[in-house]
Amino acid sequence: MKLNRVIQNILNEQDIEKKYSLTYDYIYDYAKKQFIDNNYCDFKNGTCIANRLGKSIHPDNGCCYQHKKGLCNYLSQNGCTIKCLTCQLFMCKYLEDKFKKIKIEQIFPIKKVFNFRQRGILKNSYFKDKNEVIKKLLELR
């Protein structure tokens, strides 16, 4: 497998916290670009396609809604105020059925940086800021 230069530089990074941060940023930026370039959510007048079709778990901001907790505290009128990888990779059921889900393993050779438990943290840390997730990843080394 031929790795691009950015990924190779991340893999060669010796400072573990910096390596985790660079990996997190790379995957986040890649996923964000995919969502923008492919217009998956098809926003019109601030409303995604799933909400417009009534296919979302919540009538407004369905992807930012927590069961029994309400809307995410980091949601603002301009979108999310934190850099949350798990949320960036999230696709609602409607989008998963319509498009192929983005998987971390397709973006980055994740097993070369994170162990099984750490990968679980990356995939399940909804509504958590990058610094909070990096701290947890370091604890699980």
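Our subject is the structure that appears above.
Notes on the structure follow. Quantities reported herein were computed from a predicted structural model and do not represent experimental measurements. (Residues numbered from 1 in each chain as written. Predicted model: local features only at pLDDT ≥ 70, side-chain atom pairs only at ≥ 80, totals over all residues. Heavy atoms only, no water.)

Observations regarding the packing of helix 1 (residues 5-12) against helix 2 (residues 16-38)
Using the following cut-off: Geometry is summarised by axes, namely lines fitted to C-alpha atoms with helices restricted to the contacting stretch, and by angles between N-to-C directions that run from 0 to 180 degrees. Only DSSP runs of H or I with at least four residues qualify as helices, and only runs of E with at least two residues qualify as strands; both kinds are numbered from the N terminus onward. The cut-offs work like this: below 35 degrees is roughly parallel, past 145 is roughly antiparallel, 65 to 115 is roughly perpendicular, and the gaps in between are oblique. Handedness of each helix crossing follows the sense of rotation of the near helix against the far helix: counterclockwise by less than a right angle gives left-handed, clockwise gives right-handed. The contact criterion used throughout is that any non-hydrogen atoms of two residues lie within 4.5 Å. All amino acids are sorted into three groups, where Ala, Val, Leu, Ile, Met, Phe, Trp, Tyr, Cys and Pro are nonpolar, Asp, Glu, Lys and Arg are charged, and the leftover types, Gly among them, are polar.
Two numbers describe how helix 1 lies on helix 2: the axes approach to 8 Å, and their chain directions differ by 155°. When the axes of helix 1 and helix 2 are compared, the pair comes out roughly antiparallel. Where helix 1 crosses over helix 2, the two elements pack in a sense that is left-handed. Of the residues in helix 2, those touching helix 1 at Val6, Ile7, Ile10 and Leu11 are Lys19, Leu22, Thr23 and Tyr26. Tallied by class, the residues present in the contact of helix 1 with helix 2 amount to six nonpolar, one polar and one charged.

Regarding the packing of aromatic side chains
We count it as follows: Planes of paired rings set the category: under 30 degrees apart is stacked, over 60 is edge-to-face and the rest tilted, where pairs are Phe, Tyr or Trp rings (Trp by its six-membered ring) whose centres lie within 6.5 Å. Working definition: with a 1.4 Å probe on protein chains only, accessible area under 20% of the residue-type maximum means buried, over 50% means exposed, and in between means partly exposed.
Inspection of every chain in the model, using the stated rule, returns six aromatic pairs. Taking 4.8 Å as the distance between ring centres and 45° as the angle between the ring planes, the aromatic pair formed by Tyr20 and Phe114 counts as tilted. Of this pair, Tyr20 sits in helix 2 while Phe114 sits in the loop between helix 6 (104-107) and helix 7 (116-124); the two residues are 94 residues apart in sequence, bridging distant segments of the chain. Like Phe114, Tyr20 is buried. With a centroid separation of 5.1 Å and 85° between ring planes, the pair formed by Phe35 and Tyr40 is classed as edge-to-face. Given the relative accessible area of 11%, Phe35 is considered buried.

Focus on the side chain of Asp25
Keep this limit in mind: Counted as a polar contact is a pair of N or O atoms within 3.5 Å, where, for protein atoms, one must be capable of donating a hydrogen and the other of accepting one, and residues adjacent in sequence contribute only when both atoms are in side chains.
For Asp25, the location among the structural elements is in helix 2. Separated by 3.1 Å, the side chains of Asp25 and Lys83 make a polar contact.

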